[in-house]
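One-letter residues, chain by chain:
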Amino acid sequence: MPAMPAAIEPRLLRAFLAVAEELHFTRAAARLYVAQQALSRDVRRLERELGAELFVRTTRQVTLTADGERLLPHARRVLAAQDDLLAAFGQARPLLVDLNSAGLATGRRVLHRARELAPDCELMARYESGLTGAAADLLAGRLDASFGRFAGLDPALRSGLEQQPVRYEPMAVLLPEDHPLAARPEVPLAALAGETVYAGAGNPRTREWTDLALRLFEGRGIRLAPPLPLAVGDEEFERIMSKTRNPILAVVDFPVMPRTVLRPLVDPVPLSPVSLVWRRGLVHPALDALRRAAAEIAKAEGWLRRPADRWIPAMDDDAMNPRD
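This write-up is about the structure you can find in this document. (Residues numbered from 1 in each chain as written. Predicted model: local features only at pLDDT ≥ 70, side-chain atom pairs only at ≥ 80, totals over all residues. Heavy atoms only, no water.)

1. Considerations on the pattern of salt bridges
The tally for this structure, following the rule as stated, stands at 24 salt bridges. In this structure, Glu-47 and Arg-57 form a salt bridge, with 3.2 Å as the shortest nitrogen-oxygen distance. Residue Glu-47 is located in helix H3 (residues 36-50), and its partner Arg-57 is located in strand S1 (residues 55-57); the two are separated by 10 residues in the primary sequence. Taking the relative accessible area as the measure of exposure, Glu-47 reaches 12% and is therefore buried. The class for Arg-57 is partly exposed, based on a relative accessible area of 38%. Ionic pairing is found between Asp-316 and Arg-149, a salt bridge with its closest N-O pair at 2.7 Å. Highlighted residues: Asp-316 in helix H11 (residues 314-320) and Arg-149 in the loop between strand S5 (145-148) and helix H7 (155-158), separated in sequence by 167 residues. The pair Asp-316 / Arg-149 is uniform in exposure class, with both members buried. (Salt bridge = Lys/Arg side-chain N within 4 Å of Asp/Glu carboxyl O. Helix = DSSP H or I, 4+ residues; strand = E, 2+ residues; numbered from the N terminus. Buried < 20%, exposed > 50% of the residue type's maximum accessible area, 1.4 Å probe, protein only.)

2. Points about the environment of Asp-84
Mapped onto the elements, Asp-84 comes out in helix H4 (residues 66-88). Relative accessible area serves as the criterion here: at 33%, Asp-84 is assigned to the partly exposed category. Along the primary structure Asp-84 and Leu-282 are separated by 198 residues, whereas in three dimensions their C-alpha atoms are 9.0 Å apart.

3. Brief notes about the packing of aromatic side chains
Inspection of the entire model under this criterion finds 2 aromatic pairs. Consider the rings of Phe-16 and Phe-55, whose centres lie 5.5 Å apart with planes at 45 degrees: the pair is tilted. With Phe-16 in helix H1 (residues 10-22) and Phe-55 in strand S1, this residue pair connects regions lying 39 residues apart in the sequence. When its relative accessible area of 0% is taken as the criterion, Phe-16 is described as buried. Seen from their ring centres, Phe-25 and Phe-55 are 6.1 Å apart, and the 70 degrees between their planes marks the pair as edge-to-face. Placement of the pair is Phe-25 in helix H2 (residues 25-32) and Phe-55 in strand S1, with a sequence separation of 30 residues. Following the ring pairs from residue to residue traces out a cluster consisting of Phe-16, Phe-25 and Phe-55. (Phe/Tyr/Trp six-rings, centres within 6.5 Å; stacked < 30°, edge-to-face > 60°.)

Geometry only, nothing functional implied.
Encoded structure:
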């Protein structure tokens, strides 16, 4: 067995960790923003330095060897310690935050305030819609934080994540401007009986939102619109929705599309619970800034106040108030 190296470069451990978590060299290379050839070279170098084979590679799959399994927890601890060290001296890597959609105000406002609180940190935004879709990226380390309905995630996903309640966002309905309900300043839930309402059915990235809609519609005679082609971008979303002319379940800050009106839902007021969500154990000064910003705005604007005439699933109220 070759002698152990005096030191192992963190870059080699990051290459190993990415492949170990993705079990796919192409995806791991994309995650690290490196060429697949360079990633493979780093993994081979690490194997030589350790004198151990870390992966079994076939044309169909990549799996960890027993030595790879043994290295995995050590690599995670070493890299977490390095991130903590860099963060302590103001050299933290950029923090990647998913804001779900460019038109949603809650996450965007928190991010903007966090940038003001931590001007020396780089907070990068992406817009890929849905906490369910973001959760896998959070757990894999491809993403650092997101916003959404935490209780709507699978328990297996929640166990690896942490959350901070941010807002009870009142829900609304987006209507064609010539819809019979469009003339009302508010739409009682009972008035939607007999309507077919779009709430993202079939979109695997937004299952938590569709589940919330189903709970809201149950017993009220409101039908869930069937799945539609997955539209990417505002223009495509508007084009698809203009064909169906179905009302769209939304929140009060949802951006209005052409030839539509947004009306708050009442009697009762349905609430969409929004949390800031991140990977369990993540330490980063920009995450601290996000958490401070969320708490600051929530307090100033009463985002966590619940109206007396409200509707929210008990599981969501429990998740937003764990000590209640």
